[in-house]
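Summary of structural features
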Amino acid sequence: MSFQRVQEKLNILADAAKYDVSCSSSGSNRTNKNKGLGDASASGICHTYTEDGRCVSLLKILLTNHCIFDCAYCVTRKSNDVKRAAFKVQEVVDLTMNFYRRNYIEGLFLSSGIFKSADYTMERLVAVAKKLRLEENFNGYIHLKSIPGASDELMREAGLYADRLSVNIEIPTEKGLKLLAPDKNRADFIKPMEKVKNEIIQYKSEKKIIRSTPKYAPAGQSTQMIVGASGENDMQIMYTSNYFYKNFNLKRVYYSGYVPISYDTRLPQIGTPVPMLRENRLYQTDWLLRFYGFNIEEILNEQNQSLDLDIDPKLGWALRNMHEFPVDVNKADKRMLARIPGLGMKSVFKILNARRYRQLTWDHLKAIGVAFNRAQYFMVCASNQFEKRDLTPEKIKGLILQNSKSKYTSMLSNQLNLFG
């Protein structure tokens, strides 16, 4: 195979892979062994961020953009007139090793269109990871996209060679999936996720007894949902996320604003703005559920089915629950401190530690890094200063917005029109 043809394949299949945002390496602890190449415990993937804030890189490609399905929202659907290509297993292995040796990447994110069958495709994805591990002694990060409908045997083998596995459920609701991808079955997405969850639990249990038990998908599994393609509201999207977090022990759910690529009347038309601000609010809500102790019903419910686009979801909750405030930062527990707008979890832990030694004042809180633009309306401390005006939630919201700057400000009016 000529270099020019491999480069052409790379251009086609890397471009097709850009619509998949579900890549993250946090949670893996695969270490280098036997003088191999790479170390997933210190490495991440394609222009994403680890938990400690490092930006890391990945070779992010599709094995092929041929597909037997005709999902309306997908650029690789079989009816779309695009240039097709497919890598051989060895070509992906060689590209990964060559890019890694040149310090271009720190791992591999490999997905694929489905050609011939789910098992046929999954078998080749597993073969890439297996060759990298066993033949190239590669210990860097590998994320494999699991193919819906693949057999339990292939899913089990995939987890032995990959650090993370993911099955994209694609559309948040079964109704939306049937509308835009009638050939697909939601159960085919659930089966491999259930298999991976059970295998992770089993291998962890066995490792407690037999230390030589291999690691199985040490970075866990994740999924991705497309936002804005099929009409679901924010409550439907986040309730779906909450279900998968609770029932499948997911590490992450990713939200991908739909990029209009089709004139199909079932979809937003080409030229419709990508809902980036809405996507951002969903990620903020996801963060509140995973790290701030919120229940999904507190943020989204029958009375509040959509997130505010002009303010973050924690501020939105606070304005709807003013009876909970002001919070005394010198007395409140961690749960209530975390609910004060303008306080991140780092600030919460700093406050809990600092108040063991003295009563905290506004100056102390400023030094800790509290965002006073928001927090001043919701907390008190060892100081006579406090916003004492009789302000309604609407007035507080207006004052905060008046003094806020956001990279999303320029798109806010358009987003409000789209999702109001």
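Use the structure listed above.
Now for a description of the structure that goes with this document. (Residues numbered from 1 in each chain as written. Predicted model: local features only at pLDDT ≥ 70, side-chain atom pairs only at ≥ 80, totals over all residues. Heavy atoms only, no water.)

Let us look at the overall build of the protein chain. Broken down by element type, the protein chain carries 16 helices and ten strands. Here the protein chain, with 420 residues, has 52% of them falling under the buried criterion. Here the contacts in the protein chain between residues at least 6 apart in sequence split such that 67% fall between residues at least 24 apart. (Helix = DSSP H or I, 4+ residues; strand = E, 2+ residues; numbered from the N terminus. Buried < 20%, exposed > 50% of the residue type's maximum accessible area, 1.4 Å probe, protein only. Contact = heavy atoms within 4.5 Å.)

With that settled, consider helix α6 (residues 186-209). The first and last C-alpha atoms of α6 sit 36 Å apart over 24 residues, in line with the 34 Å expected at 1.5 Å per residue. Within α6, the full set of buried residues consists of Arg 186, Phe 189, Pro 192, Met 193, Lys 195, Val 196, Lys 197, Glu 199, Ile 200 and Tyr 203. Where α6 is buried, its residues meet α4 (152-161), β6 (164-166), α5 (174-180), β7 (221-227) and α7 (234-248). The backbone nitrogen of Ala 187 has a side-chain oxygen 3.0 Å away, supplied by the residue at the start of α6, namely Asn 185. (Expected span 1.5 Å × (residues − 1). Polar contact = N/O pair within 3.5 Å; in protein donor to acceptor, adjacent residues only side chain to side chain.)

Turning to the nonpolar core, a few remarks are in order. Counting residues in hydrophobic clusters, the biggest one holds 118 residues, and the most contacted among them are Tyr 73, Ile 340, Leu 365, Phe 378 and Met 379. Here Phe 378 is in contact with Leu 315, Ala 318, Leu 319, Met 322, Phe 325, Pro 326, Val 327, Ile 340, Pro 341, Ile 396 and Ile 400, once residues within four sequence places are set aside. (Core = buried A, V, L, I, M, F, W, Y, C linked by side-chain atoms within 4.5 Å.)

Our next topic: the packing of aromatic side chains. In this description, an aromatic ring pair is defined by two values, namely the gap between the centres and the angle between the planes. A complete count under the given rule lists 13 aromatic pairs for this structure. Look at Tyr 243 and Phe 248: their rings are 6.1 Å apart centre to centre, the planes differ by 70°, and that puts the pair in the edge-to-face class. On the basis of relative accessibility, which here comes to 3%, the residue Phe 248 falls in the buried class. Aromatic pair Trp 287 and Phe 291: ring centres 4.5 Å apart, planes at 55°, arrangement tilted. In this pair, Trp 287 and Phe 291 are both assigned in helix α8 (residues 276-291), four residues apart and thus about one turn of the helix distant. For Trp 287, a relative accessible area of 41% corresponds to the partly exposed category. Linked through ring pairs, Phe 294, Trp 317, Phe 325 and Phe 378 together constitute an aromatic cluster. Taking NZ or CZ as reference, Arg 339 lies 5.0 Å from the ring centre of Trp 317, over its face. (Phe/Tyr/Trp six-rings, centres within 6.5 Å; stacked < 30°, edge-to-face > 60°. Lys NZ or Arg CZ within 6 Å of the ring centre and 35° of its normal.)

Below, the discussion takes up the environment of Ile 400. Mapped onto the elements, Ile 400 comes out in helix α15 (residues 393-402). Counting along the chain gives 28 residues from Ile 400 to Phe 372, while the straight-line C-alpha distance between them is 9.8 Å. Among residues more than four places away in sequence, those in contact with Ile 400 are Leu 315, Asn 373, Arg 374, Tyr 377 and Phe 378.

At a closest axis distance of 9 Å, the pairing of helix α3 (residues 118-134) and α4 adopts a crossing angle of 25°. Compared by their axis directions, α3 and α4 come out roughly parallel. Here the hand of the crossing between α3 and α4 comes out left-handed. Together, Asp 119, Met 122, Glu 123, Val 126, Ala 129, Lys 130, Arg 133 and Leu 134 of α3 and Leu 154, Met 155, Glu 157, Ala 158 and Tyr 161 of α4 make up the contact between the two elements. When the residues that make up the contact of α3 with α4 are grouped by side-chain class, the tally is eight nonpolar, no polar and five charged. (Axes fitted to C-alpha atoms, helices over the stretch in contact; angles between N-to-C directions. Parallel < 35°, antiparallel > 145°, perpendicular 65-115°, else oblique. Left-handed = near helix turned anticlockwise from the far one by under 90°. Nonpolar A, V, L, I, M, F, W, Y, C, P; charged D, E, K, R; others polar.)

What follows deals with the pattern of salt bridges. Side chains that differ in sign of charge can pair as their charged atoms come close. A complete count under the given rule lists 17 salt bridges for this structure. A salt bridge links Asp 234 to Arg 278; its shortest N-O distance comes to 2.7 Å. Taken together, the positions of Asp 234 in helix α7 and Arg 278 in helix α8 put the pair 44 residues apart, joining distant regions of the chain. In this pair, the class of Asp 234 matches that of Arg 278, namely buried. Between Asp 310 and Lys 397 there is a salt bridge whose closest N-O contact spans 3.2 Å. (Salt bridge = Lys/Arg side-chain N within 4 Å of Asp/Glu carboxyl O.)

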